[in-house]
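Chain by chain, the residues:
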Amino acid sequence: MAEKENEMPMEAVLGGGSEEEFGDKMPRRYQRRRPRQVVPEYVDWKDVEYLRQFIPERGKIMPRRISGISAKDQRRIATAIKRARAMAMLPFVSDN
Amino acid sequence: MANRTYEVMYIIDPETSADKITKLNEAVGKLIEKEGGSVVRMDDVGRRTLAYPIDKKTEGHYVLFEINGSGQEILELERRMRVNDMIIRYMTVRVDEDRKKADKMRAKREKRAERRSTFRKTEDAPAETAEAEA
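Cut-offs used in this document
- Residues numbered from 1 in each chain as written.
- Chains lettered and ligands numbered in written order.
- Predicted model: local features only at pLDDT ≥ 70, side-chain atom pairs only at ≥ 80, totals over all residues.
- Helix = DSSP H or I, 4+ residues; strand = E, 2+ residues; numbered from the N terminus.
- Buried ≥ 20, exposed ≤ 12 C-beta atoms within 10 Å, placed from the backbone.
- Contact = placed C-beta atoms within 7 Å.
- Nonpolar A, V, L, I, M, F, W, Y, C, P; charged D, E, K, R; others polar.
- Pairing = 2+ DSSP bridges.
- Core = buried A, V, L, I, M, F, W, Y, C linked by C-beta atoms within 7 Å.
- Axes fitted to C-alpha atoms, helices over the stretch in contact; angles between N-to-C directions.

Explain the environment of D44(B) residue by residue, including any values.
Residue and element names in this part refer to chain B. Looking at the secondary structure, you find D44 in strand β2 (residues 38-54). With 13 C-beta atoms counted inside 10 Å, the residue D44 sits in the partly exposed group. Distance in space between the C-alpha atoms of D44 and D96 is 21 Å, their sequence separation being 52 residues. Among all residues touching D44, those that are not within four sequence positions of it are N25 and V63.

Describe in detail the interface of chain A and chain B, supporting the description with residues and values.
Counting residues at the interface gives eleven residues for chain A and 15 residues for chain B. Partitioned by chemical class, the residues of the side of chain A that touches chain B number nine nonpolar, no polar and two charged.

So what about the pairing of strand β3 (residues 57-69) of chain B? Which residues, and what values?
Residues and elements named next belong to chain B. When strand β1 (residues 4-12) meets β3, the two strands line up antiparallel, connected through nine bridges. By the bridge assignment for β3, V8 is matched with F65. Judged from the eleven bridges that link them, β2 and β3 form a sheet pairing that is antiparallel. Across the sheet, residue G46 finds its bridge partner in β3, namely Y62. The loop that links β2 with its antiparallel partner β3 comprises two residues; one of these, D55, has a positive phi angle of about 50°.

Provide a residue-level description of the nonpolar core, including the pertinent values.
Membership of the largest hydrophobic core comes to 29 residues, with the highest contact counts inside it found for L51(A), A80(A), I81(A), A84(A), V8(B), Y10(B) and I11(B). Among the secondary structure elements, those contributing two or more residues to this core are α4 (71-86) of chain A together with β1, α1 (18-34) and β3 of chain B. In terms of residues, this core owes the most to one element, β1(B), which gives six residues. The residues touching A84(A), leaving out its near neighbours within four places in the chain, are W45(A), V48(A), L51(A), M89(A) and L90(A).

Describe the environment of E41(A), naming the residues involved and giving the relevant values.
Residues and elements named next belong to chain A. You can see E41 is positioned in the loop between α1 (2-17) and α2 (48-52). A tally of 17 C-beta atoms within 10 Å means that E41 is categorised as partly exposed. With 22 residues separating them along the chain, E41 and P63 place their C-alpha atoms 20 Å apart.

So what's going on with the sheet that holds β1(B)? Which residues, and what values?
Strand pairing in a sheet takes place through backbone hydrogen bonds and is either antiparallel or parallel in direction. All names here are of chain B. Pairing within the open sheet is antiparallel, and its four strands lie in the order β2-β3-β1-β4. Only two strands of the sheet have a single partner each, and these edge strands are β2 and β4 (87-94). On average, each strand axis in the sheet is inclined to that of its neighbour by 20°, with strand direction left out of account. Most of the contacts of helix α2 (residues 72-83) go to β4, to which it runs at about 165°, and overall it touches β1, β3 and β4.

Keep in mind these values describe shape, not function.
Take a look at the structure:
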């Protein structure tokens, strides 16, 4: 039941930010692994445009299972997003 | 002693007049120099809309400093920023360690890409794929 509820936002996420090729057939729940994504060596917390890629509409940080980046990269991205949030460059929550 | 690099960013109340802002920025630079640090880069980003309101303000004037120093000047700078009511928010991030790590990683990646391409060449396969991955 809970998993079913999760279906919608995930699809929205996948439909939104990615430029990777997904084909038109969507797997039942979500793509297990996105193609490996290269995260720059230095994640700049001021580079809002880059970080937006990991923020779906709601303003949350995209989970790793969807973005498909490595755990290490996820940590770096997450801290960068949190820093940008503290400086009001990114929202904590957004309603739209 | 310890040489560290910091990024200090602060948001100034947008209602502050332009010359007051420049004065404030100069004062910050002077303070850093006085405390034994050096300003590597100063970037007056300018007005930006805030992602969420702070003190009922929806806009802010962003200023970024990159500072080399021991950390002593940061202490003093933060103390001053805390009491300054023109500054509605500030943050200091230490960047030298992360940059070092990034350089290391970059070197590693380059090395790997190089190894891959030489391997491909000996196999007489096109080396373009290795470049595309890098």
